[in-house]
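# Remarks on the overall topology
Chain residues, written in single-letter form:
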Amino acid sequence: MTNVLFTEDHEWISVDGDVATIGITDHAQEQLGDVVFVELPEVGKEVAKGDEAAVVESVKAASEVYAPLSGEIIEVNGDLEGEPSKVNQDAEGAAWFVKIKLLDTSQLEGLMDAAAYKAFVEANA
Amino acid sequence: MSQTSPDNTALKRTPLYDLHVGLGGRMVPFAGYEMPVQYSGIIAEHNHTRNAAGLFDVSHMGQAWLKGADHEATSRALEALVPADIIGLKPGQQRYSQLLNSDGGIMDDLMISRSAIGDSEGWLYVIVNASRKQIDFAHIREHLPVGIVLVEKPDWALIALQGPKSEAVLEKLIPGTANMSFMSGNAFKCTTAGEPYDVYVSRSGYSGEDGYEISVANRNAAALWSALMAEPDVEAVGLGARDSLRLEAGLCLYGHDIDETTSPIEAQLAWSIGKRRREEGGFPGAERIQRELAEGPVRKRVGVLLDGRAPVREGSEIVAKDGTPLGTVTSGGFGPTVQRPVAMGYVSAAAAAPGTELNFIVRGKPLAGRVEKMPFITPGYKR
């Protein structure tokens, strides 16, 4: 059973054992508008929480996606390079960005669940 | 992904604000106004404008009449501030020009029309950028001779209809507009919901397509907008697509591609300076502009196409293949019609020839691209 968590930077994190799959939320893609380019990190790269992990470009602007957790990038979603608009179509599913092997799972403490994230978005609308 | 909540206090609204909100427009602060950046999505709105007709609220722009005793007197007053041939305008004819500072730098770009309204001898109609209107109007007033007055029209809205279906759509609502030539304007009567009112229509725009800009009194703006939106070929288009459309069309955005440091010659706008004005001078910064016309400018505005999929944005450094700095990107983004990243910027004159290979520094890494002739699209202007 996987467990989906959310950050205040509008990322979702699906955890399976010590591997976290990370993407941007549906709310985030809606705010960005049409996504035209996604730059992903190299597999094998070590990232620390808060490092720039990816860049997502809409028609108007570039936005950084920061690593919400520390660990090693073990897989990236290469489909997004050819089809960046997938981010608009299925942000919280097929358009995941990276998979990170976590240094330790205690970092997950304090992240929001779906209900808390929904409340966070509404409070900041 | 960080977000900021803009401070919306003191932002102005156009007479169409409620209609934008009703259409699902995402309102953002722009030049002191709350304006729609997009409705359905920038790419869809962009493509709709290229393929059918897009409707834009550009009421934030500054509209004014410059009024004097006769055409020559009013034109001479304006020619002291801009390098275009204004005296030579025929009734109804419209021209693009720039307000220049004493160094020949661009204070703003603007559209100037000679009135075609009966009994309006000596009237010129000007449209300036929203972000510059206070500065522009104060500057114009300061330099007007006795007998010429500037009358601002904050009680007028401005609606742009752009795209290949614009002609057929507008002819139904405002008969006679289909026969207008490109860069001309005239007064018309428009009737919507049984009520007739005055409009001033010019055949011009900022998208690279055929189209119109329609001045209408604030009290009639919503009725005209709604009548146009009721046409099946028309969809509302926000500022996001307005920017991607004008970028593909190679048109300058003030404060980005042109500003007080750039001259019209550097900006590749020499086409907008008439032969008589080039020879006679008599406009601010004429010495620099005549020298740049004769010897060529040190730097030039160019269009660029990127080889890859990553867009290059305003502020990115432009370097030669050997790393020599050449200039800076002034506008950049994704071109939905050309289906790839497009940009414009300034480079040293020696690197401005189409085909010149360049690198763009994006997030510390060089991206390859080349100078490309603008516009990036085939314009649809009425000829």
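Reading the values: the criteria
- Residues numbered from 1 in each chain as written.
- Chains lettered and ligands numbered in written order.
- Predicted model: local features only at pLDDT ≥ 70, side-chain atom pairs only at ≥ 80, totals over all residues.
- Heavy atoms only, no water.
- Helix = DSSP H or I, 4+ residues; strand = E, 2+ residues; numbered from the N terminus.
- Rg over C-alpha atoms; globule rule 2.2 N^0.38 Å.
- Buried < 20%, exposed > 50% of the residue type's maximum accessible area, 1.4 Å probe, protein only.
- Contact = heavy atoms within 4.5 Å.
- Buried area = accessible area lost by both parts, 1.4 Å probe.
- Salt bridge = Lys/Arg side-chain N within 4 Å of Asp/Glu carboxyl O.
- Axes fitted to C-alpha atoms, helices over the stretch in contact; angles between N-to-C directions.
- Parallel < 35°, antiparallel > 145°, perpendicular 65-115°, else oblique.
- Left-handed = near helix turned anticlockwise from the far one by under 90°.
- Nonpolar A, V, L, I, M, F, W, Y, C, P; charged D, E, K, R; others polar.
- Core = buried A, V, L, I, M, F, W, Y, C linked by side-chain atoms within 4.5 Å.
- Domains from an automatic or database assignment.
- Polar contact = N/O pair within 3.5 Å; in protein donor to acceptor, adjacent residues only side chain to side chain.
- Pairing = 2+ DSSP bridges.
- Patch = residues over 30% accessible without salt bridge, like charges linked within 9 Å, V, L, I, M, F, W, Y side chains within 5 Å.
- Areas by Shrake-Rupley, 256 points an atom, 1.4 Å probe, with all protein chains shown as cover.
- Lys, Arg positive; Asp, Glu negative; His and termini not counted.
- Charge placed at Lys NZ, Arg CZ, Asp CG, Glu CD.

## Comments concerning the overall build of chain B
Tallying secondary structure elements over chain B gives nine helices and 19 strands in all. By the compact-globule yardstick of 21 Å for 383 residues, chain B fits well, its C-alpha radius of gyration being 21 Å. Seen along its three principal axes, the alpha-carbon backbone of chain B occupies a region of about 65 × 50 × 45 Å. Here chain B holds 383 residues, and 57% of them are scored as buried. Counted over contacts in chain B with a minimum sequence separation of 6, partners at least 24 positions apart contribute 66%.

## Digging into the interface of chain A and chain B
Across the boundary between the two partners, chain A contributes 24 residues, which contact 20 residues of chain B. Counting each side, the surface lost to burial between chain A and chain B is near 1900 Å², with a carbon and sulfur contribution of 50%. Together, Val36, Val59 and Lys60 of chain A form the three largest contributors to the area buried by chain A at its contact with chain B, with a combined 31%. Joining chain A to chain B, the criterion identifies four salt bridges. A salt bridge links Lys365 of chain B to Glu39 of chain A, with the shortest nitrogen-to-oxygen separation between them at 3.4 Å.

## Some remarks on the packing of helix 2 (residues 42-51) of chain B against helix 7 (residues 239-248) of chain B
Residue and element names in this part refer to chain B. Two elements in contact, helix 2 and helix 7, have axes separated by 8 Å at closest approach and are oriented at 55°. In terms of orientation, helix 2 lies oblique with respect to helix 7. For the crossing formed where helix 2 meets helix 7, the hand is right-handed. When helix 2 is examined against helix 7, the residues Ile42, Glu45, His46, Thr49 and Arg50 are found in contact with a partner set consisting of Gly240, Ala241, Ser244, Leu245 and Glu248. When the residues that make up the contact of helix 2 with helix 7 are grouped by side-chain class, the tally is three nonpolar, four polar and three charged.

## Side note on the nonpolar core
The biggest cluster of nonpolar side chains holds 37 residues, and the ones touching the most others in it are Ile106, Tyr125, Ile258 and Leu269 of chain B. Secondary-structure elements contributing two or more residues to this core are strand 4 (35-39) of chain A together with strand 5 (94-100), strand 6 (106-114), strand 7 (123-128), strand 9 (156-162), helix 7 and helix 9 (286-295) of chain B. Considering every element that reaches this core, the biggest residue donor is strand 9 of chain B, with three residues. For Ile258 of chain B, the contacting residues outside a window of four places in its chain are Tyr96, Ile106, Asp109, Cys252, Leu253, Ala267, Leu269 and Tyr346 of chain B.

## Considerations on the domain arrangement of chain B
Residue and element names in this part refer to chain B. When the domains of chain B are assigned, the result is domain 1 (17-54 + 156-177 + 190-248), domain 2 (62-152) and domain 3 (270-372). Counting residues at the interface gives eight residues for domain 1, matched by 11 residues for domain 3. There are zero salt bridges connecting domain 1 and domain 3. Summed over the shared surface of domain 1 and domain 3, the result is five residue pairs in polar contact (both at pLDDT 80 or more). Contributions of two or more residues to the side of domain 1 that touches domain 3 are made by helix 2 and helix 7.

## A closer look at the sheet that holds strand 7 (residues 62-66) of chain A
All names here are of chain A. Ordered by their spatial adjacency, three strands build an open sheet running 4-6-7, and the pairing between neighbours is antiparallel. Strands at the two margins of the open sheet, each flanked by one partner only, are strand 4 and strand 7. Strand-to-strand twist across the sheet, computed as the mean angle between neighbouring axes with direction ignored, equals 20°. Here strand 6 (residues 52-58) pairs with strand 7 via five bridges, running antiparallel. Note that in strand 7 the partner of Glu57 across the bridge is Ala62.

## Some details on a negative patch on the surface
A cluster of acidic residues, Asp26, Glu30, Asp90 and Glu92 of chain A, forms a negative patch at the surface. We classify Glu92 of chain A as partly exposed; its relative accessible area is 40%.

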